[in-house]
Amino acid sequence: MLTLAVLISGAGSNLRALLEATHEADFPARVIVVGADRQADGFAHAEAFGIPTLLVPFHDFESREEWGAELHAQLSVWQPDLLVLSGLMRLLPAPFVDAWAPRIINTHPAYLPEFPGAHGVRDALAAGVDQTGASVIVVDGGVDTGPILAQERVAVLPGDTEHTLHDRIKPVERRLLIDVVRRIAQGDLDLSAAAPTASSR
Ligand code: GRF
């Protein structure tokens, strides 16, 4: 059974989908802890499923590195096999990434390498493209630059706002994420083969 720690910042709708999928008896992975950098609404989903939560408030620390060190220490207690970033709106410091690589994956609401960063949906709309997408990647030292594990196109429709477009992308993100987690758990997807090791970056 693959054990997962999921990190969130917001509503946690993707977390909810992952909790529902992993709750099925025949799913080969389980969420064992949910963490956040702030008091995230998504904690309610963890609580509904009886999953422990850990809060490491970013603003309680003097630097990103100190915050990352505390997050690393708290996650290490749980010894998860895989970290899933599901709407965590913080860059993880390099020592944190190095400690967990390649066992960190992230979902992103765009067809990477198009539109990386915190505003992938807004940036796609601003660029006037007629399609964007969703991606699941391995986290490396860059911003949404890691190896792509799965991705799918989503059409931009006339009259789309950031909200309506993101609402159509999120179900695709969820489906891709659940599929990637299942494939990793079944041994069909090898993250060490997909991602460079910390020392080779
Ligand atoms: C997702 O689109 C994620 O990729 C992005 O923020 C959204 C998270 O939404 N970074 P939620 O918190 O799962 O509802």
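Computed from a predicted structure; not experimentally measured. Numbering of residues starts from 1 in every chain and runs along the sequence as written. Local features in this predicted model are restricted to residues of pLDDT 70 or higher, and side-chain atom pairs are both shown and tallied only at a pLDDT of 80 or more, whereas totals for entire chains, interfaces and linings draw on every residue. Just so you know, side-chain values use all the structure's heavy atoms and leave hydrogens and water out.

J.: Help me understand the site of the ligand, please; the structure alone is not making it clear to me.
T.: Around the ligand, a shell composed of 13 residues is seen, among which Gly12, Ser13, His166, Lys170 and Glu173 lie nearest. Pairs of N or O atoms are called polar contacts if they sit within 3.5 Å, as long as, within protein, a hydrogen donor faces a hydrogen acceptor (for residues adjacent in sequence, only side-chain-to-side-chain pairs). Here an oxygen atom of the ligand sits 3.4 Å away from a polar atom, N or O, in the main chain of alanine 11. Between an oxygen atom of the ligand and a main-chain N or O atom of glycine 12, the distance comes to 2.7 Å. Residue-level accessible areas treat just the shown protein chains as cover; the underlying method is Shrake-Rupley with a 1.4 Å probe. In the complex, 89% of the free accessible area of the ligand, which totals 360 Å², lies under the protein chains. Using protein atoms alone on a 1 Å grid, points that fit a 1.4 Å probe yet trap it form a cavity, whereas open point sets bounded by protein on both sides within 12 Å along at least five of seven lines form a pocket; residues with an atom within 4 Å of a point count as lining. Cavity and pocket membership follows a simple rule, namely that a molecule belongs there if more than half of its atoms are within 2 Å of the grid points. Taking a 2 Å distance to the grid points as the criterion, the majority of the atoms of the ligand fall inside the largest pocket. Each helix corresponds to a stretch of at least 4 residues labelled H or I by DSSP, and each strand to a stretch of at least 2 residues labelled E; elements are numbered beginning at the N terminus. Of all the elements in the fold, those that place two or more residues in the shell around the ligand are helix 1 (13–23), strand 5 (104–108) and helix 6 (162–186). Here a residue is considered near a molecule or strand provided that any single heavy atom belonging to it is located within 4 Å of it.

J.: Mind showing me how you'd approach the layout of surface pockets here?
T.: In this approach, a probe sized like a water molecule rolls over the atoms, and the result shows the empty space that is left. Grid points are joined across faces, edges and corners, and a volume is the space filled by probe spheres set on the points. Put simply, the largest pocket is a space of about 910 Å³. Those elements giving two or more residues to the lining of the largest pocket turn out to be helix 1, helix 4 (94–100), strand 5, helix 5 (120–127) and helix 6. In terms of residue count, the dominant contributor to the lining of the largest pocket is helix 6 (four residues). When residue character is reported, Ala, Val, Leu, Ile, Met, Phe, Trp, Tyr, Cys and Pro are called nonpolar, Asp, Glu, Lys and Arg charged, and the others, Gly included, polar. Considering only residue class, the lining of the largest pocket consists of 17 nonpolar, 17 polar and nine charged.

J.: Looking at this structure, how should I read the domain arrangement of the protein?
T.: Often the size quoted for an interface is simply the accessible area lost on bringing the parts together. Where each domain begins and ends follows an automated or database-derived domain assignment. We note that the domain assignment places domain 1 (1–100) and domain 2 (105–173) within the protein. In this structure, domain 1 and domain 2 have C-alpha centres spaced 21 Å apart. Accessible-area loss on putting two parts together, using a 1.4 Å probe and summing over both, is the definition of buried area adopted here. When the two sides are added together, the surface that domain 1 and domain 2 hide from each other amounts to roughly 770 Å², 58% of it contributed by carbon and sulfur. The term salt bridge refers to a side-chain nitrogen of Lys or Arg lying within 4 Å of a carboxyl oxygen of Asp or Glu. Between the two partners, domain 1 and domain 2, sit zero salt bridges. Linking domain 1 with domain 2 are four residue pairs in polar contact (both at pLDDT 80 or more), by the criterion used here. Looking at the side of domain 1 that touches domain 2, the elements with two or more residues in it are helix 1 and strand 4 (82–85). For the side of domain 1 that touches domain 2, the element with the most residues is strand 4, which contributes four residues.

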